[in-house]
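# Coordinate analysis (summary)
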Amino acid sequence: MKVLTINPGSTSTKIAVFDNNAPVFETVLRHGAGELAACDTLDKDLWFRRGLIEDALKTHSVDGSELAAVIGRGGLMRPLEGGVYKVNAAMLDDLRSLKYGDHASNLGAFLAKAIAEPLNIPAFIADPVVVDELQPMARLSGYPEIPRVSIFHALNQRAVSKRYAASIGKNYEDMNLIVAHMGGGVSVGAHNKGRIIDVNNGLDGEGPYSAERCGSLPMSGLVRYVCAHRSDSPEAIIKRLIKTGGLMGYLGTNDGREISKKAEAGDEWFRLVYEGMAYQIAKEIGACAAVLKGEVDSIILTGGFAYDELLTGWIIERVSFIAPVIVMPGEDELIALAEAALRVLNGQEEAKTY
């Protein structure tokens, strides 16, 4: 069964076709600034990207009649339970309204539907960033007007968890796992028998600092900072904290390879800041161990920074007493989408209705 997977970004659209789990082709369709400027409405952007995707299918000799399903990256919609969802009118209405946020990933459902509908095959999304399975007490922040919110790398966290469980002959739904996704942002989730009952909101600045994001900050210091920059808009301040914080703020670069090389070569400041990120990730893993009451089967380190043995080594030193640590680097969003669609097509999982 061939599945087309689509992951739209702000300057590109990543697509791939898989025949079961085997890749047929994978490519990145890059979009110039002028091209995107001309796509000043959602519909224009949709038809522009759809045309490029259909051209790519022809280039790689994939006929639409060969496809069993199309699955897109899930966008910003209402909070929902994890899993695979059929693209329907209610979902598209919410995405089009932008009431939950504006992001290129919102196009994933539209593109899947636009390509699948003429072929009379299903269109899906899976585990968008808004997956919310928090247990009630995890929503309490300490201040009633500011509840904790679940936004994280749900697609990759769930995919690596299922992949790992299958590799050792177990069901993900029977395990307690802690998964640390380490990329531009860091999210660490407590997976309890198939549900992610607590996770830091890396997008909004909770938890460890990361390549670009500041992570949790001392409250009084943050309030004073905002007051000192009251002439700036809230959006400008938030952008500064999530784009020029973390490694970028301390070191002037978010390139993990460069930072790791300098740390290993003896640059004490680079080593301190880089190990500081590992230290904070390890603390977050420890917090998730408390959420799971110490009943942890394994800890998984994933995301782009999981390729760096220096960083993962520091984390493993601090958390290996909790449970075995498994390193599964990369994000692999396209194969994660394909695996999700195949679970539905093979009857292993039922697609949910939005």
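Refer to the preceding data block for the structure.
Since we're looking at a predicted model, the values are computed, not measured.

### Some details on helix H9 (residues 256–264)
Considered for burial, the residues of H9 that qualify are Gly256, Ile259, Ser260 and Ala263. Viewed along the axis of H9, the buried residues span an arc of 100°, placing them on a single side of the element. Along H9, the residues that are exposed and aim more than 90 degrees away from the buried face are Arg257 and Lys261. At its buried positions, H9 is contacted by helix H8 (246–251), helix H10 (268–291) and helix H11 (309–319). For H9, the N-terminal capping position is held by Asp255, with its side-chain oxygen 3.0 Å away from the main-chain nitrogen of Arg257.

### As for unusual backbone geometry
Of note, Leu98 is a non-glycine position whose phi angle comes to about 65°, a positive value. Inspection of the secondary structure puts Leu98 in the loop between helix H3 (89–97) and helix H4 (107–116). By relative accessible area, Leu98 is classed as partly exposed at 38%. With a phi close to 40°, Asp127 is a non-glycine residue in the positive phi region. One can find Asp127 in the loop between strand E6 (123–126) and helix H5 (154–167).

### Some details on the packing of H5 against helix H12 (residues 333–345)
Running from N to C, H5 and H12 point in directions that differ by 65°, and their axes come no closer than 10 Å. Our classification of the angle between H5 and H12 gives roughly perpendicular. When you trace H5 past H12, the crossing you get is left-handed. Residue-level contacts link Leu155, Ala159, Lys162 and Arg163 of H5 to Glu333, Ile335, Ala336, Leu337, Glu339 and Arg343 of H12. Residue classes in the contact of H5 with H12 are distributed as 5 nonpolar, no polar and 5 charged.

### A closer look at the pairing of strand E2 (residues 12–19)
Where burial is concerned, most of E2 is hidden: 6 out of the 8 residues are buried. Sheet topology note: the strand E1 (residues 2–8)/E2 ladder contains 7 bridges and is antiparallel. When the sheet's bridge partners are listed, Leu4 is paired in E2 with Val17. Counting the residues in the hairpin turn of E1 and E2 gives 3 residues. Note: E2 against strand E3 (residues 22–30), 8 bridges, orientation antiparallel.

Scoring rules and cut-offs
- Residues numbered from 1 in each chain as written.
- Predicted model: local features only at pLDDT ≥ 70, side-chain atom pairs only at ≥ 80, totals over all residues.
- Heavy atoms only, no water.
- Buried < 20%, exposed > 50% of the residue type's maximum accessible area, 1.4 Å probe, protein only.
- Helix = DSSP H or I, 4+ residues; strand = E, 2+ residues; numbered from the N terminus.
- Arc of directions from axis to C-beta.
- Contact = heavy atoms within 4.5 Å.
- Polar contact = N/O pair within 3.5 Å; in protein donor to acceptor, adjacent residues only side chain to side chain.
- Axes fitted to C-alpha atoms, helices over the stretch in contact; angles between N-to-C directions.
- Parallel < 35°, antiparallel > 145°, perpendicular 65-115°, else oblique.
- Left-handed = near helix turned anticlockwise from the far one by under 90°.
- Nonpolar A, V, L, I, M, F, W, Y, C, P; charged D, E, K, R; others polar.
- Pairing = 2+ DSSP bridges.

Everything listed is a geometric property; what it means functionally is a separate question.
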